[in-house]
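Here is how the chains run, residue by residue.
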Amino acid sequence: MLPERPSGMLKDFGIEVKEEDLKYEEEWDRRWKYISEAVDRVGTVQLRMFDRWGNRIDELLYPPEYWEMLYAGYRAGVVGRAFKEGSLKPFYVLGYITSFYDPGVYCPYTVSISTALPLYKYGSEELKEKYLPNLIATEGEIWQGATWMTEARGGSDLGNTVETVAAPIGDGLYILNGEKYFASNVGAEVAVVAARIKGKPKGVRSLALFLLPKYRRDGSLNYLVRRIKPKIGTRSVPTGEVELRDSEAYLLGREEWGIYLILEALNVSRVANSVGSVALAHRAWVEALTFARKRWAFGKYISEHPLLRRQFEDMRREVREAFALAWEAVEALDGVYLEKPRYSQAYHTFRLIAHMAKYWTAEVSVSAAKWAMEVHGGMGVLEEYPVERLLREAMILPIWEGTAHRQVLDGIEAIVKKDAHIGLYERFKDYAGAEEIRRIGEEIKGMDEYVRERDADLLFTGLIDATLKVLRQRYSLT
Ligand SMILES: Cc1cc2nc3c(=O)[nH]c(=O)nc-3n(C[C@H](O)[C@H](O)[C@H](O)COP(=O)(O)OP(=O)(O)OC[C@H]3O[C@@H](n4cnc5c(N)ncnc54)[C@H](O)[C@@H]3O)c2cc1C
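Computed from a prediction, not measured in an experiment: that's the story for all the values here. (Residues numbered from 1 in each chain as written. Predicted model: local features only at pLDDT ≥ 70, side-chain atom pairs only at ≥ 80, totals over all residues.)

## Brief notes about the overall build of the protein
For the protein, the count of helices and strands is 17 helices and 11 strands. Against the globule reference of 23 Å for 478 residues, the protein gives a C-alpha radius of gyration of 22 Å, in line with a compact fold. Each principal axis of the C-alpha distribution contributes one length, and for the protein these read about 70 × 55 × 40 Å. (Helix = DSSP H or I, 4+ residues; strand = E, 2+ residues; numbered from the N terminus. Rg over C-alpha atoms; globule rule 2.2 N^0.38 Å.)

Spelled out as structure tokens, the structure:
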């Protein structure tokens, strides 16, 4: 059996769940899950672009209960506790709980911590003093963050598709002009934004990362929301198109470090995506069982038919294995998240684990949601019951934060260029089968370049299989 509540899964894996985490879970179960359902049903949030006097305000119109639900997470410390406790684990524990009920709500928390972290690591003292306290606050005035990289021509190949240009005007201040096509958590008080330094050629090395406040120094809007996108899922986070028109922004780190900072932010969110994906798969399993235990066919509850019994067991195993992989990524990240370029070998090992986890857990979440829908039969596709939503939410998980193709290709690059498989092998060398990880890594390294890229998903899945075998022993998974 899988536990009925997300905290049960965390505890099963020996992860500390504090009293305050349980209180947060209780709130979700008692109240927020109903608000979340209503937000999903109503669909896309409304944008009020002007006030009655014709001034541009770009206000998001969600019901008041949405904001209560959203800020409950910040108050529980989903962002703040990481800075107080010096570990990202509370962010992922609370993220698992949140995503079990609504993976869309975990997005604002993820982009907020992905804004606070580069500011904390790379911002000047003056910038930190001005923007960090509210971003990591758990009471009083809490600010949200956002991470805006993708433009209309595509998100995978940022070096060629980012057309937003940043022109320096002195003292670390730049003027940005351009458009961001997928901008989640629009309305955020502060965002981190990728832009090309003016005069530099196309390519990832010309990108830098900037901190962009919602308001200019003179109090006017620093970014404009052109529209809010209607989406199949994750409707609890507003995703918009953003226009940057002479927007003021502050360079984070050095100009030439931009791509590293962008990837650092993505790494945190890829691990969040992994944790959220497993939470969704876990929820799908619980919903399927709840239905199957009461649905009657051929003389018994459908949960008691041998075929479904086996499938429940297979899916239970798959979800627990996916959890183990996601948590491995959390553990690995926790050891390296404060590193700056040039990174250690442990960082490259983490990257490989994160790519495996992002890829695999998202696949599991989609297959678990589809299966839960099938277990519900016709009820599964009806909008009035919970499982059709799970499939809509799940379909976003393999795409944002870098598509499945990118995870596979970047994971393989970490092996070829950084020998990341060696670190992975070292991590698990005391377990039977760890040698297989090294063998597959070496095979990948030695392959013809074209064949390696052509078969990247197959090769990567082989490596994931070998890693899951080891994780099964490590967590005594049956
Ligand atoms: C709901 C939602 C919210 C989002 N929020 C944000 C946000 O807040 N900030 C942000 O920056 N982005 C955001 N994104 C964008 C997201 O990161 C991109 O969708 C993603 O990176 C993929 O980019 P793309 O959609 O432009 O696809 P493309 O990059 O155009 O790719 C199209 C297809 O080609 C494949 N492909 C590309 N290159 C290769 C290759 N070398 N080999 C094989 N296949 C390849 C891709 O895997 C994909 O299947 C959001 C996306 C969604 C769906």
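## Focus: the domain arrangement of the protein
On domain assignment, one finds that the protein holds domain 1 (6–135), domain 2 (147–255) and domain 3 (259–474). The C-alpha centroid of domain 2 is placed 21 Å from the C-alpha centroid of domain 1. Counting residues at the interface gives 27 residues for domain 1, matched by 25 residues for domain 2. The residue makeup of the side of domain 1 that touches domain 2, split by class, is 15 nonpolar, 8 polar and 4 charged. (Domains from an automatic or database assignment. Contact = placed C-beta atoms within 7 Å. Nonpolar A, V, L, I, M, F, W, Y, C, P; charged D, E, K, R; others polar.)

## Looking at the site of the ligand
Around the ligand sit 21 residues, and of these Gly155, Ser156, Phe182, Ser184 and Thr403 come closest. Counting only elements with at least two residues in the shell around the ligand, the list comes to strand E3 (147–148), strand E5 (173–184) and helix H13 (404–418). A per-class count over the shell around the ligand returns 8 nonpolar, 11 polar and 2 charged. Domain assignment of the residues forming the shell around the ligand places at least three in each of domain 2 (147–255) and domain 3 (259–474). (Near = placed C-beta within 6 Å.)

## A few points about the packing of helix H10 (residues 306–336) against helix H11 (residues 345–375)
The contact between H10 and H11 brings their axes to 8 Å, and the two run at 150°. Relative to H11, H10 is oriented roughly antiparallel. Judged by the twist between their axes, the crossing of H10 over H11 is left-handed. Looking at the contact of H10 with H11 residue by residue, the classes come out as 20 nonpolar, 3 polar and 2 charged. (Axes fitted to C-alpha atoms, helices over the stretch in contact; angles between N-to-C directions. Parallel < 35°, antiparallel > 145°, perpendicular 65-115°, else oblique. Left-handed = near helix turned anticlockwise from the far one by under 90°.)

## Observations regarding the nonpolar core
Among the nonpolar cores identified, the biggest contains 146 residues, and Phe210 and Ala372 are the most heavily contacted of them. Residues contacting Phe210, with those up to four places away along its chain left out, are Ala166, Tyr174, Leu176, Val192, Val193, Ala195, Ala249, Tyr250, Leu251 and Leu252. (Core = buried A, V, L, I, M, F, W, Y, C linked by C-beta atoms within 7 Å. Buried ≥ 20, exposed ≤ 12 C-beta atoms within 10 Å, placed from the backbone.)

## Points about the packing of H11 against H13
Between H11 and H13, the shortest axis-to-axis distance is 9 Å and the interhelical angle comes to 155°. The angle between H11 and H13 falls in the class roughly antiparallel. For the element pair H11 and H13, the recorded crossing hand is left-handed. Where H11 abuts H13, its residues His348, Arg351, Leu352, His355, Met356, Lys358, Tyr359 and Ala362 lie against Ala404, Gln407, Val408, Asp410, Gly411, Ala414, Ile415 and Lys418.

## Regarding helix H5 (residues 89–101)
When the terminal C-alpha atoms of H5 are compared, their 19 Å separation across 13 residues agrees well with the 18 Å that a helix rising 1.5 Å per residue should span. In terms of burial, H5 is largely enclosed, as 12 of its 13 residues are buried. (Expected span 1.5 Å × (residues − 1).)

## Things to note about unusual backbone geometry
Omega for the peptide link from Pro341 to Arg342 comes to -5°, which places this bond in the cis form. Looking at the element boundaries, Arg342 is found in the loop between H10 and H11. For Glu401, which is not glycine, the phi dihedral falls at a positive 60°. For Glu401, the position within the fold is in the loop between helix H12 (386–394) and H13.

## Concerning the environment of Val408
Among the secondary structure elements, Val408 is positioned in helix H13. C-beta crowding within 10 Å serves as the criterion here: with 24 such atoms nearby, Val408 is assigned to the buried category. Once the C-alpha coordinates of Val408 and Asp455 are considered, the two residues, 47 residues apart in sequence, prove to be 9.9 Å apart. If near-sequence neighbours (up to four positions away) are discounted, Val408 is found in contact with Tyr359, Ala456, Asp457 and Phe460.

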